[in-house]
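Chains, contacts and geometry: an overview
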Amino acid sequence: LCRKTCLEEAGLFDPEFKSRQDLDLYLRLSRICKFESIDEPLSNKRIDAETRISTNILSKLQGYEKLHIKYIEEFKKRPEAHSEYLFQYAYYLFICSHPVKAIFKVVEACYLLKFNPRKIIGNSLRLFKKIRKYSKTKIRYKNKKKGHK
C-alpha cells in the first residue's frame, strides 16, 4: 500500500518497460519512502492468463536489461543487492539461450561478493535449481504438445 502523494512524486509505471515495471516503480519509491513488511496477504495473483507479460520470458529479459542500465549507479553503491540482481538477470539470460552472457553476469556477481564462498554457493545453487526446474518444465511442455505423456 502506498500514499497517492508518494506515487505522484515517484511517477507511475514507466511505459518504456514492457516488463519489470513494478520493480522500476518500487526502486523509484524507495528513494522517497520507507518500506515496511506486513505479514498478511493484501492481494491476489492471477495465474490463468498464458499471454501475460509476466509469462513472456523475452520481455522479462528486456526488463532486466533496461533496469540494470537505468539503475547501474545505484547498484554500484549496494554491491550485495547488485550481485543478487545479477544472479536473477543471469537466470533469464540462460533460459533465453545466452549462456555466455549469463556466465559473465555470474562472474560479475561473484566479484561483487568479494568471492565470499558461502554467499556465492548459496546464490549459485538457487540459480542452478531455477534453471533445472525451468528445463524440466520446458521438456514436459514440449512432450505435451507432441502428444506424449
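Look up: the structure comes first, before these words.
Notes on the structure follow. Counting restarts for each chain: residues are numbered from 1 in the order of the written sequence. Local features are withheld for residues below a pLDDT of 70 in this predicted model, meaning they are given only at 70 or higher, and side-chain atom pairs are given and counted only at 80 or more; totals for whole chains, interfaces and linings count all residues. Heavy atoms from the whole structure form the basis of all side-chain values; hydrogens and water molecules are not counted.

Considering helix α6 (residues 99-112)
- Secondary structure elements are defined from DSSP: runs of H or I of at least 4 residues count as helices, runs of E of at least 2 residues count as strands, and each element is numbered from the N terminus. For a helix, the expected span equals 1.5 Å multiplied by the number of residues minus one. Taking 1.5 Å of rise per residue, 14 residues should cover 20 Å, and α6 covers 20 Å from first to last C-alpha, within 8% of that figure.
- Regarding α6, the residues found buried are Ala102, Lys105, Val106, Ala109, Cys110 and Leu112. An end-on view of α6 places all buried positions within 160° of arc, on one side of the element. Among the exposed residues of α6, those oriented more than 90 degrees off its buried face are Val100, Phe104 and Tyr111.
- Lysine 114 lies just past α6 and shows a positive phi near 55°. When accessible area is computed with a 1.4 Å probe and restricted to protein chains, residues below 20% of their type maximum are described as buried, those above 50% as exposed, and intermediate ones as partly exposed. What the arc covers is the set of directions going from the helix axis to the C-beta atoms.

Describing the nonpolar core
- What is meant by a nonpolar core is a set of buried Ala, Val, Leu, Ile, Met, Phe, Trp, Tyr and Cys residues, joined one to another through side-chain atoms within 4.5 Å. Core analysis: the largest hydrophobic core is formed by 25 residues, its most contacted members being Phe87, Tyr89 and Leu127.
- Looking at this core, the elements that each hand over two or more residues are α3 (57-70), α5 (79-95), α6 and α7 (117-146).
- Top element by residues in this core is α5. It accounts for nine residues.
- Residues in contact with leucine 127, not counting those within four places in the same chain, are Phe87, Ala90, Tyr91, Phe94 and Val106. Contacts are assigned to residue pairs with any non-hydrogen atoms lying within 4.5 Å of each other.

Quick look at the packing of aromatic side chains
- Whether two aromatic rings pair depends on their centres lying within 6.5 Å, for rings of Phe, Tyr and Trp, where Trp uses its six-membered ring; planes under 30 degrees apart make the pair stacked, over 60 edge-to-face, and the rest tilted. On inspection of all chains with the given rule, the structure shows six aromatic pairs.
- Between phenylalanine 75 and tyrosine 85, the aromatic rings sit 4.7 Å apart at their centres with planes inclined by 35°, giving tilted as the arrangement. Taken as a pair, phenylalanine 75 in helix α4 (residues 72-77) and tyrosine 85 in helix α5 lie far apart in primary sequence, ten residues in all.
- Residue class for phenylalanine 75 comes out buried when judged on its relative accessible area of 10%.
- On the accessibility criterion, tyrosine 85 (5% relative accessible area) is buried.
- Lying over the aromatic face of phenylalanine 17, lysine 66 brings its terminal NZ or CZ to 5.9 Å of the ring centre. Two thresholds decide whether a charge sits over a ring: the Lys NZ or Arg CZ must be within 6 Å of the ring centre and within 35 degrees of the ring normal.

Considering the pattern of salt bridges
- For this document, the term salt bridge refers to a Lys or Arg side-chain nitrogen within 4 Å of an Asp or Glu carboxyl oxygen. Tallied over the entire structure, the rule returns eight salt bridges.
- Salt-bridge contacts for glutamate 8 lead to lysine 4; the nearest nitrogen and oxygen are separated by 3.9 Å. Here glutamate 8 pairs with lysine 4, and both are found in helix α1 (residues 4-10), just four residues apart, close to one helical turn.
- By relative accessible area, which is 55% here, glutamate 8 ends up exposed.
- The exposure class of lysine 4 is exposed, given its relative accessible area of 62%.
- With its nearest N and O atoms 3.8 Å apart, the salt bridge here joins glutamate 108 to lysine 105. Linking glutamate 108 with lysine 105, this pair stays in helix α6, spanning three residues, or about one helical turn.
- Judged by relative accessible area, which is 18%, lysine 105 ranks as buried.

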